Amino acid sequence: MKEKVAKILSDAESIACFMHKNPDGDAIGSCLAIKNAFKEKVKVYCPGKLPEIFMFLPGAEEVVQFSSFSEVKPAQVFLVLDCSDEKRIPDFDRSKAEAVIVVDHHETNEYFGDYNIVEPERASTAEIVFDILKLTKKPITKDVATCIFTGLYTDTGGFKYSSTNAETFQTAKELVELGAVPWKVAVEIYESNPPRRIRLLAECLKTLRLFLNDKVAVLYVTREMYERTGALPEDTEDFVNYARGIKGVEVGVFLRELEPEGVKVSFRSKNEVNVAKVAKALGGGGHDHAAGCELNCSLEEAIDKIINLLAQEMSGGQNV
Ligand code: 5GP
Ligand code: MN
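Residues numbered from 1 in each chain as written. Chains lettered and ligands numbered in written order. Predicted model: local features only at pLDDT ≥ 70, side-chain atom pairs only at ≥ 80, totals over all residues. Heavy atoms only, no water.

Re the domain arrangement of the protein chain
Applied cut-off: Residue ranges for the domains originate in an automatic or database domain assignment. Contacts are assigned to residue pairs that have any heavy atoms within 4.5 Å of one another. Accessible area that two parts lose when put together, with a 1.4 Å probe and added across both, is what the buried area reports.
Taken as a whole, the protein chain is organised into domain 1 (2-190) and domain 2 (195-314). Taken over C-alpha atoms, the centre of domain 1 sits 26 Å from the centre of domain 2. Taken together, the contact pairs 15 residues of domain 1 with 18 residues of domain 2. Between domain 1 and domain 2 lies a buried interface of about 1200 Å² when both sides are counted; carbon and sulfur atoms form 40% of it.

Description of the pairing of strand 5 (residues 97-104)
Here is the key point about a regular strand: its side chains alternate between the two faces of the sheet. Definition in use: Working definition: with a 1.4 Å probe on protein chains only, accessible area under 20% of the residue-type maximum means buried, over 50% means exposed, and in between means partly exposed. To qualify as a helix, a DSSP run of H or I must reach at least 4 residues; to qualify as a strand, a run of E must reach at least 2; elements of each kind are numbered from the N terminus. Two strands pair under a simple rule: DSSP has to find at least two bridges between them.
Strand 5 sits mainly inside the fold: 7 of its 8 residues count as buried. As defined by bridge partners, strand 4 (residues 75-81) adjoins strand 5 across 6 bridges and the pair is classed as parallel. Of the residues in strand 5, the one forming a bridge with L79 is I101.

A look at the coordination of the manganese ion (ligand 2)
Under the convention used in this document: Here a donor is an N, O or S atom found within 2.8 Å of the metal, or within 3.2 Å if the metal is Na, K or Ca; sites may look incomplete because water is not among the atoms.
For the manganese ion (ligand 2), the full set of protein donor atoms is D26 (OD), D82 (OD), H105 (NE2) and D155 (OD), and the range of their distances to it is 2.1 to 2.3 Å. Spacing between the donor residues of the manganese ion (ligand 2) along their common chain follows D-x55-D-x22-H-x49-D. Placement of the pair is D26 in helix 2 (residues 25-38) and D155 in helix 4 (residues 142-155), with a sequence separation of 129 residues. You'll find D26 and D155 in the same group, each marked buried.

Brief notes about helix 1 (residues 2-11)
The condition is simple: Arc definition: it is the arc formed by the directions from the helix axis to the C-beta atoms.
Residues of helix 1 that are buried include every one of K2, V5, A6, I8 and L9, and no others. All buried residues of helix 1 fall inside an arc of 165° around its axis, so they share one side. When the buried face of helix 1 is taken as reference, the exposed residues oriented beyond 90 degrees from it are E3 and K7. Turning to helix 1, the residues buried within the fold contact strand 1 (15-18), helix 2, strand 4, strand 5, strand 6 (115-118) and helix 3 (125-136).

Dropping the structure here:
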């Protein structure tokens, strides 16, 4: 299948590349790797805003940020990267392309493309994009390597998560040899915090609550906290890790209020608990150890629902 997709991409006259909304480093790095490899024939689309911390990536300035799918121009191929279901690209209209290709590493992927490459055992989508680009015989430039490295680096939490294995380091080695500079990527992503983010974090940490024998830690951010600190939704990336990072905690949960209503939830687990199952039961998805969903209710109602589901899941319940 990868050979086939490599050929379709090489032969295509126009490619529109999509990331999911609230894109992370893997979604953005994967799309920009394609942009830097195929240049003019690729347009990269982001539903909503592209987080500022990724603006250092080559090609980021050219990403088209759209609020309505009517702004998306037809293309021969729609290439959807790191996105498990169509819902994550609002009003996605596949009739604007001759073929839809999905490349992803989420277990919960719904195989919504005409061609689907889904490899849940891979730590990042960017690595699969790397495989495909090698098959196109396009030279892997320093810019392409930097984008792929960023996807791999961020989706493994800087080579910390359980998805990190010998293959991850092998791929990272190849990318560094091709010109990616790890410390530069690290500084851009983890050491370029705007002060408003740190102020929001200070407010968020005060909300800490522990549940289920202190095995679940919950943190949240309200609309009012955003207003007080001048922070943006994208500034909460990784806040959930403060919840998971507590000794004895098995599941970290982070919630943020959406504008004008609703709640976005992030789950992270350490060992046994499958949070993708819980997120899926709430209409979302993700991986065993990192998942998320959106709920149309208040913060307190969301916490209640989540704790009930986690209680079942963590007691080995079958009802989730
Ligand atoms: P995050 O918590 O960083 O937003 O997302 C963690 C993981 O869960 C990512 O792999 C992301 O793609 C997935 N995820 C987060 N929110 C949603 C959602 O609303 N729907 C689905 N299907 N997956 C989500
Ligand atoms: Mn990913």
